[in-house]
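Single-letter residue listing:
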Amino acid sequence: MKLELTGITKRFGSLVANDHIDLTVEPGEIRALLGENGAGKTTLMNVLYGLVQPDEGEIRVDGKVVTIRSPKDAIAAKIGMVHQHFMLVPVFTVAENVTLGMERTKALGLLDRRRARRDVLALSERYGLDVNPDAYVEDLPVGVQQRVEIIKTLMREASVLVLDEPTSVLTPGETEDLFRIMRELRAGGRSIVFISHKLKEVQAIADTITVIRRGKVVGERPPTATDAELAALMVGRAVQLRVSKTPAHPGDVMFDVRGLTVPGEHGKPAVDDVSFEVRAGEILGVAGVQGNGQTELCEALMGLRPTAAGSVLVGGRDVSNMAPRERLRAGIGYIPEDRQEDGLVGDFSVADNLVLDVYDRKPFASGIALNLDAIQDNAVSRVAEFDVRTSSVATPTSTLSGGNQQKVIVAREVGRHLKVLLASQPTRGLDVGSIEFVHRRIVEQRDQGVAVVIVSSELDEIYALADRIAVMYEGKITGFRPPTVSADELGMLMAGAGGDGAAPDAADPLDPAAAGGLDPAAPDGPDPAGAERPDSAAADGQP
Amino acid sequence: MSAEQPGPAAGGPSARRTATLNHTIVSAIVEGSPTVVTFLAILAAVVLGGLLIAFSDPTVLHAWSTFFADPGNAFALAWDAASGAYVAMFEGAIVNPHTVAAAFHGGSVGAIFYPLSQTASNATPLILTGLSVAIAFRAGLFNIGAAGQWVGGAIVATYLGFAVNLPPVVHLIVCLLGGFAGGAVIGWLVGELKARTGAHEVIVTIMLNYIMYNLLSFLLSTPTALQEPGQSNLISPNLAANARLPHAGGPPPQVDLGFLVGIAAAVGLWWLLSRSTVGFQFRAVGANPSAARSAGMDVERSWVLVMLLAGGLAGLGGAAVILGPLQQLTFNSYGTYGFDGITVALLGRASPLGVVLAALLFGALHAGGTNMEAATQVPSDIVEVLQGLIVLFVAAPPLIRAMFRLRRARAAGLEAVPKGWNP
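Residues numbered from 1 in each chain as written. Chains lettered and ligands numbered in written order. Predicted model: local features only at pLDDT ≥ 70, side-chain atom pairs only at ≥ 80, totals over all residues.

K.L.:
How should the overall build of chain B be read in this particular structure?
P.N.:
Helix and strand counts for chain B come out as 17 helices and 0 strands. Classification of the 423 residues of chain B by burial places 50% in the buried group. Long-range contacts, defined as pairs at least 24 residues apart, comprise 77% of the intrachain contacts of chain B with a sequence gap of at least 6. (Helix = DSSP H or I, 4+ residues; strand = E, 2+ residues; numbered from the N terminus. Buried ≥ 20, exposed ≤ 12 C-beta atoms within 10 Å, placed from the backbone. Contact = placed C-beta atoms within 7 Å.)

K.L.:
Even after reading the chapter, I still don't get the overall build of chain A, so can you show me in this structure?
P.N.:
Of regular secondary structure, chain A possesses 20 helices and 22 strands. Since a compact globule built from 543 residues should have a radius of gyration of about 24 Å, the 25 Å found for chain A is in line with a globular shape. The dimensions of chain A, computed from C-alpha atoms along their principal axes, are 75 × 55 × 50 Å. Across the 543 residues in chain A, those meeting the buried criterion constitute 51%. Within chain A, contacts between residues separated by at least 24 positions form 68% of all contacts whose residues are at least 6 apart in sequence. (Rg over C-alpha atoms; globule rule 2.2 N^0.38 Å.)

K.L.:
Teacher, can you tell me more about the nonpolar core here?
P.N.:
What tends to happen in soluble globular proteins is that the nonpolar side chains get buried as a cluster. The biggest cluster of nonpolar side chains holds 274 residues, and the ones touching the most others in it are Phe194 of chain A together with Val306 of chain B. In terms of residues, this core owes the most to one element, helix α13 (residues 299-326) of chain B, which gives 17 residues. Not counting residues up to four positions away in its chain, the partners in contact with Phe194 of chain A are Ile30, Arg31, Ala32, Leu33, Leu163, Val202, Ile205 and Ala206 of chain A. (Core = buried A, V, L, I, M, F, W, Y, C linked by C-beta atoms within 7 Å.)

K.L.:
When you look at the packing of helix α10 (residues 258-275) of chain B against helix α15 (residues 352-375) of chain B in this model, what are you seeing that I'm missing?
P.N.:
Axis angle and axis distance: for two packed helices, these are the angle between their axes and the distance between the axes, and together they describe the pair. Residues and elements named next belong to chain B. With their axes 8 Å apart at the nearest point, α10 and α15 run at an angle of 155° to one another. Judged by the inter-axis angle, α10 sits roughly antiparallel to α15. Along its contact with α10, which presents Ile263, Ala266, Leu269 and Trp270, the element α15 presents Pro352, Leu353, Val355 and Val356. Among the residues making up the contact of α10 with α15, the classes are represented as 8 nonpolar, no polar and no charged. (Axes fitted to C-alpha atoms, helices over the stretch in contact; angles between N-to-C directions. Parallel < 35°, antiparallel > 145°, perpendicular 65-115°, else oblique. Nonpolar A, V, L, I, M, F, W, Y, C, P; charged D, E, K, R; others polar.)

K.L.:
Explain the sheet that holds strand β3 (residues 30-34) of chain A here, please?
P.N.:
The strands making up a sheet associate through hydrogen bonds between their backbones, and the pairing can be parallel or antiparallel. All names here are of chain A. In space, the 6 strands of this open sheet follow the order β6-β7-β8-β3-β9-β10, with mixed pairing throughout. Single-partner strands in this sheet number two, and they are β6 (79-82) and β10 (216-221). Each adjacent strand pair in this sheet contributes to an overall mean axis angle of 20°, direction not counted. Direction of pairing for β6 relative to strand β7 (residues 160-164): parallel, over a ladder of 4 bridges. Bridge pairing in β7 links Gly80 to Leu161. Against the sheet, helix α8 (residues 227-235) makes contact with β3, β9 (208-213) and β10, and its axis sits at roughly 35° relative to β9, the strand it touches most. (Pairing = 2+ DSSP bridges.)

K.L.:
Looking at this model, I keep getting lost on the confidence of the model for chain B. Mind explaining?
P.N.:
Interpretation of this model should avoid reading the predicted coordinates in detail wherever pLDDT is low. All names here are of chain B. Averaged over all residues, the pLDDT of chain B equals 85, while 86% of them reach at least 70. The low-confidence segment residues 1-18, where pLDDT is below 50, has 28 contacts with residues more than four positions distant or belonging to other chains. Contacts from residues 408-423, a stretch scored under 50 in pLDDT, to residues over four places away or in other chains number 22 contacts. As scored by the predictor, the complex reaches a pTM of 0.78 and an ipTM of 0.82. (pLDDT = per-residue confidence, 0-100.)

K.L.:
Explain the sheet that holds strand β16 (residues 332-335) of chain A here, please?
P.N.:
Residues and elements named next belong to chain A. Within the open sheet, the 6 strands sit side by side as β16-β19-β20-β13-β21-β22. Their pairing is mixed. Lying at the two open borders of the sheet, with one neighbouring strand each, are β16 and β22 (476-481). This sheet shows a mean twist of 20° between the axes of neighbouring strands, independent of strand direction. For strand β13 (residues 283-287) and strand β20 (residues 451-456), the ladder comprises 5 bridges, and the chain directions are parallel. The residue bridging Val286 from the neighbouring strand is Val455, located in β20. Across the sheet, helix α14 (residues 402-415) lies against β16 and β19 (420-424), angled at about 175° from β16, the strand it touches most. Packing of helix α17 (residues 487-494) onto the sheet brings it into contact with β13, β21 (468-473) and β22, and relative to β21 it is tilted by some 35°.

K.L.:
Even after reading the chapter, I still don't get unusual backbone geometry, so can you show me in this structure?
P.N.:
As a rule of thumb, non-glycine residues mostly have phi less than zero, and peptide bonds are mostly trans rather than cis. Residue Pro363 of chain A follows Lys362 of chain A across a cis peptide bond; omega there is 0°. You can see Pro363 of chain A is positioned in the loop between α12 (350-353) and β17 (365-366). For Glu165 of chain A, which is not glycine, the phi dihedral falls at a positive 45°. Within the secondary structure, Glu165 of chain A is located in the loop between β7 and α6 (172-187). The exposure class of Glu165 of chain A is partly exposed, given the 19 C-beta atoms found within 10 Å. The residue Ala350 of chain B is not glycine, and still its phi comes out positive at about 60°. Its place among the elements puts Ala350 of chain B in the loop between α14 (337-347) and α15.

K.L.:
Where do I start with the confidence of the model for chain A in this structure?
P.N.:
Model confidence for chain A is summarised by a mean pLDDT of 85, while 92% of its residues fall at 70 or above. Contacts from residues 501-543 of chain A, a stretch scored under 50 in pLDDT, to residues over four places away or in other chains number 72 contacts.

K.L.:
What is the right way to read the pairing of strand β2 (residues 15-25) of chain A from this model?
P.N.:
Successive residues of a regular strand alternate their side chains across the two faces of the sheet. Residue and element names in this part refer to chain A. By the bridge criterion, 7 bridges tie strand β1 (residues 3-12) to β2 in an arrangement that is antiparallel. By the bridge assignment for β2, Ile8 is matched with Ile21. Linking β1 back to β2 in an antiparallel pair, the connection comprises 2 residues, with Gly13 at a positive phi of about 60°.

K.L.:
Would you explain the environment of Asp360 of chain A in this entry?
P.N.:
The residue Asp360 of chain A is located in the loop between α12 and β17 in this model. Taking C-alpha positions, Asp360 of chain A is 9.5 Å from Asn371 of chain A, a pair spaced 11 residues apart along the chain. The contact partners of Asp360 of chain A, leaving out residues within four places of it in the chain, are Ala365 of chain A together with Thr277 of chain B.

K.L.:
How should the packing of helix α6 (residues 114-138) of chain B against helix α7 (residues 146-163) of chain B be read in this particular structure?
P.N.:
Residue and element names in this part refer to chain B. Two elements in contact, α6 and α7, have axes whose closest approach is 10 Å; the angle formed by their N-to-C orientations is 125°. Judged by the angle between their axes, α6 and α7 are oblique. The chirality of how α6 crosses α7 is right-handed. The segment α6 lies against α7, with Thr129, Ser132 and Val133 engaging Ala146, Gln149 and Trp150. Considered class by class, the residues forming the contact of α6 with α7 number 3 nonpolar, 3 polar and no charged. (Left-handed = near helix turned anticlockwise from the far one by under 90°.)

K.L.:
Help me out: how do you make sense of helix α4 (residues 113-126) of chain A in this one?
P.N.:
Residues and elements named next belong to chain A. Its 14 residues place the ends of α4 20 Å apart at the C-alpha level, agreeing with the 20 Å of an ideal helix rising 1.5 Å per residue. Buried within α4 we find Ala116, Val120 and Ser124. In an axial view of α4, the angular spread of the buried residues amounts to 65°, which keeps them on one side of the axis. Opposite the buried face of α4, at more than 90 degrees from it, the exposed residues are Arg114, Ala122, Glu125 and Arg126. Buried residues in α4 make contact with α3 (94-99) and α5 (142-155). Backbone geometry just downstream of α4 places Gly128 in the positive-phi region, at approximately 60°. (Expected span 1.5 Å × (residues − 1). Arc of directions from axis to C-beta.)

Below is the structure:
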C-alpha cells in the first residue's frame, strides 16, 4: 500500500507544528522520520492516525484521497500505530489485549478465545515475534509489550505501521530484536514509518530518511548519509556529535566509594560491594544495561536510599552518614536520572528551580527570609548563560522541553562549587543539540578539576565522555576499562560475561597511565561469547 | 551505616505513590479552578438556592398547583420568596437600609455596621481553621483534623482563661498562645506519626477528632478539670474578665479582636509561604516530594513542622471563639468550624487571601442566614445548602464550564491529544 501525505499543515494557535509537509511511503519501505523533540514528527503522525485534524493538506492511500477523522478511520484505511506509551490492559493476557475492541464471538455471544490465541500464534511465528498469547501483559518485559502492540496493528490488518519513538523504552538488545522484526515486516510487504531522534538507529534500519525541522521537511537522505550531515539537517547548524575533549589530567582522589552495598528487593542486594575511586579532573563512565543497580547506586551515593555497608568519601571526608542536604553541601552535584520526578518541581518557576538546593543559603536567603531579587537575578543570568529557552524565568518548568529542563538542572548543579558531579542518564530523551550542550558542560566541569561520574546506558555517551569506564551488571562492577575498549567487549561485560570477577580493582583503575593508555586486558579478537551478544553495541558504539 | 534513616517512608515506593496522589489532588484544588469559575460557582449556587427557597415555600407551591389558572402569580410569588430571603440575608450580613435611614433621623450610627460586624465575627474561626487546612494542603497533606485541633486549642485557652489570674493584656496573650500550643500539639502528633511510621494523615486526623471530642466530654464532666463546680451540664466556668477578647461596639456577637488575630495570621502565613525559606520548602515538598528530597530537603521534617503550624492555627481558632463570642466552653462549642475550614480552604484555593475571602463569604452567609430565618419563614439550614452547592460547583469545574459554556483556559490541542485504539 502506498501512502501519500501532501501539504499537511497543522497550526496550534500561532505555532505551526506542521508546515506543508509532503511525505510518500512506498509499499515495503521503512521510512524514518528524523527530527528533534518538538519538530512536529508526532503531530504529523497524529494527523495520519486521526487524533488531530489538519488545517490543510490531504492523505492518499493508493492514490485515493481518504479522510481520517478518528483512529477508527485510520484503522479502516489500514494504518496502524504503536504509541510511545503502550495502550495495553496489564491484567489481561496477550490474546485478550489483542482482540480487545474487535472481539470475535461464537454462538450465544461467547468469546472465541481459541481463535484469538491461534491468530496471535500465527502472527507471532510468521514474523518471529516470539510472544506467548497466554502470558499476562503485566508480567512481560517492555520489549515484548511493544511486540504485543505490533501484533495488535497486524491483527487489524495494517499495511502501514507507525512506530513512535519505539526504541526510547528498549535496551540495546531489545532494539536489535525490534529491528529484526521490522525487517521481517518489510519483507512481508508492509511499510513502516519509524519516528526517532537517534541518528544511529535511523541509519541502521531506514530505507529513506526524511528529516523534519520546525514543522518543515528539510531534506530526504539515504541511510548512507553521514552522522554529521543528518545532525546538521536536523538541528539547522553544524553539530559536534562527539564533544572535543583534551586528555584528562587526573589529580588526587576526590571521590572514593568503598564496598558500597545497597539492599534490594527479595533479599538480593541491588548494589553489591561496589568500590571505585574518581580523581579530580577525571570522568568515570558507569556503563550497563538499565536496571542493573545504577539507579540504586546513585541514590545511595546521594543518601537518598539506605545502605547496608560501605563508605563514601568526598575529598577525603566521610559523608557516609550524612543526609542528602549535607552531601550536597559537601560538594556533590547531582543530576538525577528522572529529571521530572527527582530533578525539578514542575509547578515551580524556572527561577525557583534554579535555587532548589541552595534556596536557604546566602545570597538567596537571609535568616528564613527569601531574597527574591537575588533569586531573580541568578535566574536571569543562568538562563542567559545556559541558553535555556523559556519565555520568562517565571515560567513553570513543566512547560519547558526536555532539553531545556535538563539545562535548568545542569545550570543549578554546576553553579555551586563542586568537588564531585554525579550525573545519571544526563541526556536521556534529549535531542542532538541539547546533548551536545550538556556534554560540553560536563567536560567543562572535569577540566575545572571536578571528579565526574556519568551513569549511562547509552554506549555512545559513555564513549563520548568517559576517561575510564566501569561496567555494572547485576549490582556489581564487572570491570574497569579504558575508553579505547571495543564495543564488543563492553557489551560482553554488560551482559555479565568476561568480567574481572570479584576483584574489581584488578585492572588497577587508579593508575592514570593504564587508564588512559592501552589495557592488555582488552582483547580485540573474536570471542565466543561475543557472538551471542546482541550486536547493537556495535551499532551504537564507535564508528 | 545509614540504615537508620529517618522514617521508613524515606524513598519507599508506596509512600511515593501516596505522595503523588496527594499532589495530584492538591494541585487540582489549588490550580484547578480559576477565579472566574469560583465566582460562577457561587452564582450558580445562589440561583439554585433561590429555586430551592421558592419551591420549599407552601404559598409558592400552592400557586404552582394552580399554575394554568394564573401563571403570572406563580412566577411572581416564587420570585418574591427567593428575593425576599436573599434581601433578608443581605440585610443581616452586609448592611440594612433601615438602619442607614434611621441614622439620618438620630438613630444609632453603630447599628449600620452591626451586620458587617456579625459577618466578621462569624468569619474569624473559619479564617483560622481555613488557614490550617490550606497550609497543610500546600505541603501536600490533607488536614481533616482541624476540628480536633480546634478542640485542643479551646481546651487549653479555656483552662488558662479561668484557672489563672494575670494582668489584663498579658492574660489574653497567654490564652491565645496557649490555644495555639494546644492545637499545635495535636497537629504535631499527626506529623510525627506520618514521618516516623508512614501513617496516613487523613486516617490519623479523623481518628484524633473523635479522641478530642471524647477528651472534651471527659474534661467537661470532671469538676477538677474544666467543669464548672456545682454544674451537672457539660460546661466550663466563665472566663476571667482579663482573658476576654475586647469587643468593638456592643456585646457579642459583635466583632472582637479575634478577627484581627485571624487577619494577622493570614498575612503571616502569606509571608511564610511566599517569602520565606520555610514556605519554599513546604511548597516544594507539596508539589514534588521526590525532587524536594533529591534537592536535600528533609521531607519528613517538613511534614512535622507544617502539621504543627496547621494544628496551631486551628487551635488559635478555638481560642478565638472561646475568648471572643462564647466566653465559656461547652460540649457543643466546636460546631462545624473544623470541617467548614476544609470547605473554606478549598474555595479559597489554599491561598491565604483566598481563605480570608472565602471565610468572609461563609461568615456573611451565616450572619445573613440568622437574619433571614428571623425575617422570613425560610429556615437558616438553607445556608448549609448554599455552602454545599458552592463547594460542589467549585469542585467540579467542568460542570461550571459546561453550564456557562466557557472555553478551557489553555489552548486546546497541544497537550491533550487523546490516544488509544478505539476512542
